[in-house]
Amino acid sequence: MAEYSDIRTGRHCVFMLHAHLVFVTKFRHRVFAGTHLTRMEAIMSSVCADFETELREFNGADNHVHLLVNFPPKITLSKLVNSLKGVSSRRMRQEFPELAAHYYRASKLWSGSYFAGSVGGAPLSIVRQYIEQQNRPV
């Protein structure tokens, strides 16, 4: 059963929309360490706040990240993804110049593709547990 705290209201709607997003690095390079993921979580949380969305869970591994996002129906998921990937790529390459060394041919951190799945088939607790159990590098 859905938690009542997850239900949000807009001017003319009541909603509970969650998406599971996965972004992979360009060429699947293994570039992230724990410090990178910690900073990336803060950056992505800030971008989500700008879109009036909420980053509920974040974790990742050395070559990909998982996000659980709670978003209102007025937000186009593809625009949110585009902003999340663009802003995080730019800021991470500025703050961690060593990341740019992996991409001498292309100045992009992320692959052009992504996974977006609506969360509703499995309870949120299972998806949250799955994201929490990702092998975060030390």
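What counts as what
- Residues numbered from 1 in each chain as written.
- Predicted model: local features only at pLDDT ≥ 70, side-chain atom pairs only at ≥ 80, totals over all residues.
- Heavy atoms only, no water.
- Core = buried A, V, L, I, M, F, W, Y, C linked by side-chain atoms within 4.5 Å.
- Buried < 20%, exposed > 50% of the residue type's maximum accessible area, 1.4 Å probe, protein only.
- Helix = DSSP H or I, 4+ residues; strand = E, 2+ residues; numbered from the N terminus.
- Contact = heavy atoms within 4.5 Å.
- Pairing = 2+ DSSP bridges.

Chemist: Residue-level account of the nonpolar core, with values.
Modeler: Within the largest apolar cluster, 27 residues are counted, with the highest numbers of intra-cluster contacts made by Phe23, Met44, Val65, Leu67 and Leu84. Every element with two or more residues in this core is listed here: strand 3 (18–25), helix 1 (34–50), strand 4 (54–60), strand 5 (64–70) and helix 2 (77–95). Broken down by element, the residue count for this core peaks at six residues, all from helix 1. Discounting chain neighbours no more than four positions away, the residues touching Leu84 are Leu21, Phe23, Met44, Val47, Cys48 and Leu67. Listed in part, the five residues of the second largest apolar core include Leu68, Val119, Leu124 and Ile131.

Chemist: Help me get a handle on the pairing of strand 3, residues and values and all.
Modeler: Sheet faces and side chains relate simply in a regular strand, where the side chains alternate between the two faces. Judged by how many residues are buried, strand 3 sits mostly within the fold: eight of eight residues are covered. Burial of the side chains of strand 3 extends over both faces: His18, His20, Val22 and Val24 are buried on one face and Ala19, Leu21, Phe23 and Thr25 on the other. Relative to strand 5, strand 3 runs antiparallel, the two being bridged by seven bridges. Opposite Val24, over in strand 5, you have His64 as the bridge partner.

Read these as spatial facts, not as claims about activity.
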